[in-house]
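Observations on the model geometry
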Amino acid sequence: MSVPSNRDSWLEQLRRRIPEVSPAQALAQQALGALLIDVREDAERAGGLPAHALGLSRGHLELRIEDVQGDRERPVLLLCASGQRSLLAAESLQRLGYRQVSSVAGGFARWKAEGLPIAAGTLDPDAAERYARQLQLAPVGERGQARLGAARVAIVGAGGLGSPAALYLAAAGVGQLTLIDNDTVERSNLHRQVIHADARVGMAKTESARMTLQALNPRIRVEARTERLDADNVERLLAGHDLMLDGTDNFPTRYLLACASLRLKLPMIYGAVERFSGQLGVFDPRRADSPCYRCLFPLPPSAADAPNCSEAGVLGVLPGIVGLLQATEALKLILGLGDSLVGQLLSFDALGMQFHKTRLPRNPDCPGCSPRASFAGYPQVAALCSSGDRPD
């Protein structure tokens, strides 16, 4: 006779202490008011779960159970794939003081085999596998992934900043990316604009970027807008999005974006690079405490004081770092996670490998967002400054 393993012995002890019910009994108790919790991982539930069950993975059960079910007297039924994890979950709930806890014998495999009602999972198998590591994060899960899938992000400039931002937003599953750029790929772009390839020199950047993004994640939608953003089309190009990333390197475009951000109530994620340093900020007009871009730059500096990368040069990895930080802020805004950079300016010195945050409050006299600010039309905004119009 074989000697049972420690795990088998432990499970057998749990079965003596924790009531087990069949799937049919669980369905009947559910109809009488018991809470059925599917403790499988989000990716496992993508193929379906018992009808009216609550999906709450085993790894986060103890942390979140009080938020979803604070009544420790209500009967709770726990279900996993085969009936083992649910025993462990039930023991945890007993230790937390839940008094009527049962495990569903045979788990979802038996539930499905017996033909009991099943609700479709929110994610198909491809999505469950593609986003598996992201789905394991409790603040994301299926609900957060659905929010990403419904999000629409405009990226102005498919260059050094737009390239890494677009790649990682596409990989994360942001449902629609709109690329706005009128430039073509040049060989001098390739040391930093990693979304493009040598074979695409001369191709429109929007089309080159679209090809890369669709190859990376064919599930998302990529809209290419091969036109220069200007006073006549800025609202048309940006309307209908949830937020925008500023991947440009010239002040006329940035001032148009800042104005449209305020008028459309569209968060603007600002990034800029020069030589060995970069800046990042978030301007969210939905928040009363948020500054706008013109709180930072009330008036545009001269071209000599703020040269673009074609004039000043840039370390190739620097736009990648800042662009990834822009993507991070975008994901946080979409998911409602963490603290955004609203009200702060993040500076990065690559040579010293230092990040520094500076407080950036609203300017009560800001020509863009103060109560006394006036809007005389986008042509007037564009006329404030002029410089090159190629995105970096």
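First, a word on what this report is: a plain description of the structure on this page. (Residues numbered from 1 in each chain as written. Predicted model: local features only at pLDDT ≥ 70, side-chain atom pairs only at ≥ 80, totals over all residues. Heavy atoms only, no water.)

Describing the sheet that holds strand β8 (residues 152-156)
What holds strands together in a sheet is hydrogen bonding between their backbones, with the strands either parallel or antiparallel. Pairing in this open sheet of eight strands is mixed, and the strands run β10-β9-β8-β11-β12-β13-β14-β15 from one edge to the other. Each edge of the open sheet is held by one strand with a lone partner, namely β10 (221-225) and β15 (354-359). Going across the sheet, the axis of each strand differs from the next one's by a mean of 15°, ignoring polarity. On the sheet, helix α16 (residues 317-335) packs against β8, β11 (243-246), β12 (268-274), β13 (277-283), β14 (344-349) and β15 and is oriented at approximately 170° with respect to β12. (Pairing = 2+ DSSP bridges. Helix = DSSP H or I, 4+ residues; strand = E, 2+ residues; numbered from the N terminus. Axes fitted to C-alpha atoms, helices over the stretch in contact; angles between N-to-C directions. Contact = heavy atoms within 4.5 Å.)

Some words on the packing of helix α9 (residues 141-150) against α16
Between α9 and α16, the shortest axis-to-axis distance is 9 Å and the interhelical angle comes to 115°. Between α9 and α16, the angle falls in the class roughly perpendicular. For the pair α9 and α16, the sense of crossing is right-handed. Across from Gly144, Arg147 and Leu148 in α9, the residues of α16 making contact are Leu331, Ile334 and Leu335. (Parallel < 35°, antiparallel > 145°, perpendicular 65-115°, else oblique. Left-handed = near helix turned anticlockwise from the far one by under 90°.)

Focus on a nonpolar patch on the surface
Taken together, Phe276, Leu315, Val317 and Leu351 make up a surface patch of nonpolar side chains, about 390 Å² in accessible area. Structurally, Leu351 is set in the loop between β14 and β15. (Patch = residues over 30% accessible without salt bridge, like charges linked within 9 Å, V, L, I, M, F, W, Y side chains within 5 Å. Areas by Shrake-Rupley, 256 points an atom, 1.4 Å probe, with all protein chains shown as cover. Salt bridge = Lys/Arg side-chain N within 4 Å of Asp/Glu carboxyl O.)

Considering the side chain of Gln176
Among the secondary structure elements, Gln176 is positioned in strand β9 (residues 176-180). In this structure Gln176 comes out as buried when scored by relative accessible area, which is 14%. At a separation of 3.1 Å, a polar atom in the side chain of Gln176 contacts the side chain of Thr178. Setting aside residues up to four positions removed in sequence, Gln176 forms contacts with Ala151, Arg152, Val153, Arg221, Glu223 and His241. (Buried < 20%, exposed > 50% of the residue type's maximum accessible area, 1.4 Å probe, protein only. Polar contact = N/O pair within 3.5 Å; in protein donor to acceptor, adjacent residues only side chain to side chain.)

Section: the pattern of salt bridges
Any two side chains of opposite charge can pair, on the condition that their charged atoms come close. Summed over all chains, the structure comprises 26 salt bridges. Here Arg40 makes a salt bridge to Asp38, at a shortest N to O gap of 2.7 Å. Overall, Arg40 belongs to the buried group, its relative accessible area being 5%.

Let's talk about the environment of Ser9
On the secondary structure map, Ser9 appears in helix α1 (residues 6-17). Assessed through its relative accessible area of 27%, Ser9 is described here as partly exposed. Here the alpha-carbon distance between Ser9 and Asp126, two residues 117 residues apart in the chain, equals 37 Å.

Considering helix α11 (residues 205-216)
Across its twelve residues, α11 extends 16 Å between first and last C-alpha, which sits within 8% of the 16 Å expected from 1.5 Å per residue. Of all the positions in α11, only Lys205, Thr206, Ser208, Ala209, Thr212 and Leu213 are classed as buried. In an axial view of α11, the angular spread of the buried residues amounts to 165°, which keeps them on one side of the axis. (Expected span 1.5 Å × (residues − 1). Arc of directions from axis to C-beta.)

Focus: α9
Three or four residues apart is the spacing at which side chains of an α-helix point the same way, because the helix has 3.6 residues per turn. Every buried residue of α9 is listed here: Gly141, Glu142, Gly144, Gln145 and Leu148. Relative to the axis of α9, the buried residues are bounded by an arc of 165° and lie together on one face. α9 presents Arg143 and Ala150 as exposed residues on the side facing more than 90 degrees away from its buried surface. Elements in contact with the buried residues of α9: α3 (42-45), α8 (132-135), α10 (162-172) and α16.

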